[in-house]
Amino acid sequence: MDSSQPILDVSLADQWFAEDDEQSKEDARRVVGMLRTDLEPRLNALCTNPSQLTAASAEHEFHRVRGAVGSFGFARCAAHLLVLEKSWGQLDEAQRDEELKAAYSAFTAGLQALVARFPYLAA
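Residues numbered from 1 in each chain as written. Predicted model: local features only at pLDDT ≥ 70, side-chain atom pairs only at ≥ 80, totals over all residues. Heavy atoms only, no water.

A. Here's a closer look at the overall build of the protein. Of the regular secondary structure elements, the protein holds five helices and zero strands. If you list the helices and strands of the protein from N to C, you get α-α-α-α-α. For 123 residues, the compact-globule formula gives about 14 Å, and the C-alpha radius of gyration of the protein, at 15 Å, lands near that figure. Considering only C-alpha atoms, the protein reaches an extent of 50 × 25 × 20 Å along its principal axes. Counting across all 123 residues of the protein, residues that qualify as buried make up 36%. (Helix = DSSP H or I, 4+ residues; strand = E, 2+ residues; numbered from the N terminus. Rg over C-alpha atoms; globule rule 2.2 N^0.38 Å. Buried < 20%, exposed > 50% of the residue type's maximum accessible area, 1.4 Å probe, protein only.)

Here's what the structure looks like:
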């Protein structure tokens, strides 16, 4: 996996979160809440129980999660998820584990970078 992808694609993040009115900021806080309460546990569960995934279920689930994180600008996480989505059946257990850990780490780093860029998003 090419780790040259940025943790956070600021141009995408800015489209979603560079808001100036309070209603938009509240909406953005709800989106980030969803990232924390839905996507983060989902990604963590994939990391915790990778043996239950078939190639088909991995492709489906990683595609869904990748689409969500990628649309908010979590570029490096999305890149790791793409590797998992497209190559699950060809990766050995150690490679899967490495990509899963890297995806989760990039996700949490992406959340931190997002909040650092937009402090109003802090929980």
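From this point, the narrative continues.
B. Geometry of the packing of helix α2 (residues 22-48) against helix α5 (residues 93-117). It is at 9 Å that the axes of α2 and α5 come closest, and there the two elements cross at 165 degrees. As far as their axial angle goes, α5 and α2 are roughly antiparallel. Two packed elements cross with a definite hand, and for α2 against α5 that hand is left-handed. Of α5, the residues touching α2 (which contributes Val32, Leu35, Arg36, Leu39, Glu40, Leu43, Asn44, Leu46 and Cys47) are Leu100, Ala103, Tyr104, Phe107, Thr108, Leu111, Leu114 and Val115. Taken together, the residues that form the contact of α2 with α5 break down as 13 nonpolar, two polar and two charged. (Axes fitted to C-alpha atoms, helices over the stretch in contact; angles between N-to-C directions. Parallel < 35°, antiparallel > 145°, perpendicular 65-115°, else oblique. Left-handed = near helix turned anticlockwise from the far one by under 90°. Contact = heavy atoms within 4.5 Å. Nonpolar A, V, L, I, M, F, W, Y, C, P; charged D, E, K, R; others polar.)

C. Region of interest: the packing of aromatic side chains. One pass over the structure, following the stated rule, counts six aromatic pairs. Look at phenylalanine 62 and tryptophan 88: their rings are 5.5 Å apart centre to centre, the planes differ by 40 degrees, and that puts the pair in the tilted class. Placement of the pair is phenylalanine 62 in helix α3 (residues 55-71) and tryptophan 88 in the loop between α4 (75-87) and α5, with a sequence separation of 26 residues. Pair check on accessibility: phenylalanine 62 and tryptophan 88 agree, each one buried. Summarising the aromatic geometry, the rings of phenylalanine 118 and tyrosine 120 are spaced 6.4 Å apart at their centres and angled 65 degrees between planes, so their arrangement reads as edge-to-face. (Phe/Tyr/Trp six-rings, centres within 6.5 Å; stacked < 30°, edge-to-face > 60°.)

D. Looking closely at the nonpolar core. Core analysis: the largest hydrophobic core is formed by 33 residues, its most contacted members being Phe17 and Phe74. Setting aside residues no more than four positions away along its own chain, phenylalanine 74 makes contact with Ile7, Leu8, Leu35, Val69, Phe107, Gly110, Leu111 and Leu114. (Core = buried A, V, L, I, M, F, W, Y, C linked by side-chain atoms within 4.5 Å.)

E. Broad picture of the packing of α4 against α5. Contact pair α4 / α5: the axes reach a minimum separation of 8 Å and the direction vectors enclose 155 degrees. The pairing of α4 with α5 is recorded here as roughly antiparallel in orientation. Relative to α5, α4 is oriented so that their crossing is left-handed. Contacts between α4 and α5 involve Arg76, Cys77, His80, Leu81, Val83 and Leu84 from the first element and Arg96, Glu99, Leu100, Ala102, Ala103, Ala106 and Phe107 from the second. A class-by-class count of the residues in the contact of α4 with α5 yields nine nonpolar, one polar and three charged.

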